[in-house]
Amino acid sequence: MQDSIIQCIEDIEKQILEAADSGNNVGAAVDALGLSHVKLSSAGVIALLDMLTDGITPVNNDIVTAMLGVCEAQKRFFFALAGLLETGAASMGIKESKRSAAVMEPEPETEEAAARAFEEPPTAEADGPEQAAGEGPKGAAKPDAKGKQEKGPAAQAISSIRVPTDRLDRVIELVGKLMVTYAVIAQGGAQNLTQMASSLRELDNVISQLQKEVDAIRLVPLKQIFMPMHRLVKSLSQKIGKKLDFEVNGDDLALDKTIVESLNEPLVHLLRNAVDHGLETPEGRKAAGKDETGRVTLSAWRKGDTAFIQVRDDGRGLDPDRIMAKALEKGLADPDKEYAPEEILQFVLQSGFSTAEKITDVSGRGVGMDAVVNAIRNTLDGDVVIESDLGHGAAFTITIPLDRSANEGIVDALVCKVGGDTFIVPSRDVVEIYMPRLNEVVELPDGRETVDVRGEVHSLLRLAELLDLTPEVEDIQLAQAIVVRVGEYKAAILVDEVLRQQQVVITGFTVPVEQLFHIPILGYGMMGESDALVINTEEMLQHFEARIHRAAGKRRS
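Residues numbered from 1 in each chain as written. Predicted model: local features only at pLDDT ≥ 70, side-chain atom pairs only at ≥ 80, totals over all residues. Heavy atoms only, no water.

Student: Help me understand helix α6 (residues 165-188), please; the structure alone is not making it clear to me.
Tutor: One turn of the α-helix equals 3.6 residues, which is why residues spaced by three or four share an orientation. The end-to-end C-alpha separation of α6 is 35 Å, in line with the 34 Å expected for 24 residues at 1.5 Å each. Here the buried face of α6 lies against α7 (193-217). (Helix = DSSP H or I, 4+ residues; strand = E, 2+ residues; numbered from the N terminus. Expected span 1.5 Å × (residues − 1). Contact = heavy atoms within 4.5 Å.)

Student: Whenever I open this one, the packing of aromatic side chains confuses me. Can you help?
Tutor: Each aromatic ring pair is described using two quantities: the centre-to-centre distance and the angle formed by the ring planes. Under the definition given, this model contains three aromatic pairs. Ring geometry for W301 against F308: centres 5.4 Å apart, planes inclined by 15 degrees, an arrangement best described as stacked. We classify F308 as buried; its relative accessible area is 17%. (Phe/Tyr/Trp six-rings, centres within 6.5 Å; stacked < 30°, edge-to-face > 60°. Buried < 20%, exposed > 50% of the residue type's maximum accessible area, 1.4 Å probe, protein only.)

Student: Would you take a moment to explain the confidence of the model for the chain for this structure?
Tutor: Regions with low pLDDT should not have their predicted coordinates read in detail. On average, residues of the chain carry a pLDDT of 75, and 74% of them reach 70 or more. Note on residues 117-155: pLDDT is under 50 here. Beyond four places in sequence and across chains, it has 50 contacts. (pLDDT = per-residue confidence, 0-100.)

Student: How should I be thinking about the side chain of E449 in this particular structure?
Tutor: Counting through the fold element by element, E449 comes out in strand β12 (residues 449-453). According to the relative accessible area criterion, E449 is buried, its value standing at 18%. For E449, the side chain forms a polar contact with the side chain of R462, separated by 2.7 Å. Those residues within four positions of E449 in sequence are excluded, and the remaining contacts are V441, V442, E443, H458, S459, L460 and R462. (Polar contact = N/O pair within 3.5 Å; in protein donor to acceptor, adjacent residues only side chain to side chain.)

Student: What is the right way to read the sheet that holds strand β5 (residues 306-313) from this model?
Tutor: Either a parallel or an antiparallel arrangement is found when strands of a sheet pair, and the pairing is made through backbone hydrogen bonds. Taken in spatial order, the five strands make up an open sheet running β2-β4-β5-β7-β6, and their pairing is mixed. The sheet is open, and its two borders are formed by β2 (244-249) and β6 (383-389), each paired with just one other strand. Averaged over all pairs of adjacent strands, the angle between their axes in this sheet comes to 15 degrees, without regard to strand direction. As judged from the seven bridges shared by β6 and strand β7 (residues 393-401), these two strands associate in the antiparallel manner. (Pairing = 2+ DSSP bridges. Axes fitted to C-alpha atoms, helices over the stretch in contact; angles between N-to-C directions.)

Student: For this particular structure, what's the right way to read the packing of α6 against α7?
Tutor: When two helices pack together, their arrangement is captured by the angle between the axes and the distance separating the axes. At a minimum axis separation of 9 Å, α6 and α7 run at an interaxial angle of 160 degrees. Classified by the angle their axes make, α6 and α7 are roughly antiparallel. Crossing of α6 over α7 shows left-handed handedness. Broken down by class, the residue content of the contact of α6 with α7 amounts to 14 nonpolar, four polar and five charged. (Parallel < 35°, antiparallel > 145°, perpendicular 65-115°, else oblique. Left-handed = near helix turned anticlockwise from the far one by under 90°. Nonpolar A, V, L, I, M, F, W, Y, C, P; charged D, E, K, R; others polar.)

Student: Explanation requested: the pairing of strand β15 (residues 489-495) in the structure shown.
Tutor: Each regular strand shows side chains that alternate between the opposite faces of the sheet. Among the seven residues of β15, five are classified as buried, and the element is accordingly described as predominantly covered. Pairing analysis gives four bridges linking strand β13 (residues 456-462) to β15, with the strands arranged parallel. If you follow S459 over to β15, its bridge partner there is A491. One ladder, built from seven bridges, connects strand β14 (residues 480-486) with β15; its direction is antiparallel. In the sheet register, V486 faces β15, and the bridge partner there is Y489.

Student: Even after reading the chapter, I still don't get the environment of D334, so can you show me in this structure?
Tutor: Relative to the assigned elements, D334 resides in the loop between α12 (320-329) and α13 (341-345). Between the alpha carbons of D334 and M324 there is a distance of 10.0 Å; along the sequence they are 10 residues apart. Residues within four places of D334 in sequence aside, it is in contact with L328 and Y339.

Student: Sorry if this is basic, but what is going on with the environment of V441 here?
Tutor: Within the fold, V441 resides in strand β11 (residues 441-443). Taking C-alpha positions, V441 is 8.1 Å from L460, a pair spaced 19 residues apart along the chain.

Student: Would you explain the pattern of salt bridges in this entry?
Tutor: Between side chains of opposite charge, a pair can form when the charged atoms approach closely. Overall, the coordinates contain 16 salt bridges when judged by the stated rule. A salt bridge links D314 to R285; the nearest nitrogen and oxygen atoms lie 3.0 Å apart. Placement of the pair is D314 in the loop between β5 and α12 and R285 in helix α11 (residues 282-287), with a sequence separation of 29 residues. Residue D314 is classed as partly exposed on the basis of its relative accessible area of 24%. Under the relative-accessibility criterion, R285 is labelled buried at 2%. (Salt bridge = Lys/Arg side-chain N within 4 Å of Asp/Glu carboxyl O.)

Student: What's the story with the sheet that holds β11 in this structure? I'm lost.
Tutor: Spatial ordering of the open sheet is given by β10-β14-β15-β13-β12-β11, a layout of six strands whose pairing is mixed. Unpaired on one side and paired on the other, β10 (430-434) and β11 mark the two borders of the sheet. Here the strands of the sheet are splayed against their neighbours by 30 degrees on average, with no regard to which way each runs.

Student: Even after reading the chapter, I still don't get the environment of G523, so can you show me in this structure?
Tutor: With respect to the helices and strands, the residue G523 is situated in strand β17 (residues 521-526). Placed 11 residues apart in sequence, G523 and V534 show a C-alpha to C-alpha distance of 5.4 Å. Setting aside residues up to four positions removed in sequence, G523 forms contacts with T507, F509, A532, L533 and V534.

Dropping the structure here:
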């Protein structure tokens, strides 16, 4: 029943958003909400609804937000009704003796209540008899013995995904092929090696197809977290007295559920900053020669293997001079160094950095831009790029490399040996394998080494030195270099030997190893007969560069 309710409400919400974009079929959206069938005693209200239906009254963001609010109220009503029908009033935390109590007047929706729109609706388990009366929905913060709210999880977990039936049919078909191929191998034994080799190739093919289908099943449209943003931004603007138009683009982009879960909190913080810090007051916009209604845009798009989520506003922008002065005051900037404008903007991402003149109940929440950046970098291997045009607005763009965002699962990888130990390098980062010659390696004055790979010079990173291991191959001409690329940067990782390429299952550590040891290790890979540590290529390059800079600083001192 819950899925039916969600599907019904989502169809109505889609109809409302389509009517808002095109300006047509507004009457159909009003009918879908049931507003045209409501008996109203006021002729003026009836006239307003008729004008909206006939297209005389234009559809603006206020009307769209109100209509989406009606959808949300209807969904909650149906969930409550379903709970009463299935398990009785106790499941809703309502006592039978209080049914005749007076109905309380609804309070205006606060910004915190709007933020709770990101939470998943109660699941069947949460609505069951085992849930004590008075408990909130599953995933919500629960009061402790003193009545204080416990802090909820950093990212809202997506507990269910809608999957097309044809995709499930393909998965079932592939599982059937998997069982048949396994039976052929098991029955054939080692007598017919040709048949076994053919069956193993078929098995590998089926597993690859099954992996692709499962990856596709995990995709979730960004609409799931973008749609509640309308309510959040609306409540924020009302709270601080600013007029704005909120526009959402690209919410049909589908990403892995782990990415969508991790984007909630960073986007909420960026939108709060855009509304509170970015946009001027209506009076300030008039004084600056702007329209008193500001604009905040939330956009998402994909380019190649990278997803971009951007929060843009047409407000006052970021002042580089003010940021630089604050950075010097906090000791984050070198007074003798000249910084480029884009480098100055990056100081905003530092821990504890703020140029706000006063702390409000919107911005003074103890969560800075550094928390947003750390969540994006640590969870998604992404980054935040800042653009600013002083007096005309700013944009914060989250970049997420999709081929690097899934740190667990089945991946193609190179298995190599360094100092007698086995390591795994994900193939997604590998460009080629090269055996350097002695005359192609050059040591620079700052201690770094470079290698010339067919006319292209790369930094040479000795993995054994980085991990404090003793290499088994002393002659560099007998070793092998794995050329990797992270973004636009290339480097050559020197190892003793590259053993083979194969698929491995990468699993994260059950203990916070990355917090205990500062080594570029992603996790460990299971290869069937043995396990090996997986190299985090991007972190390793950063770690190596930082180590070189520290060594150079010690030599200068």
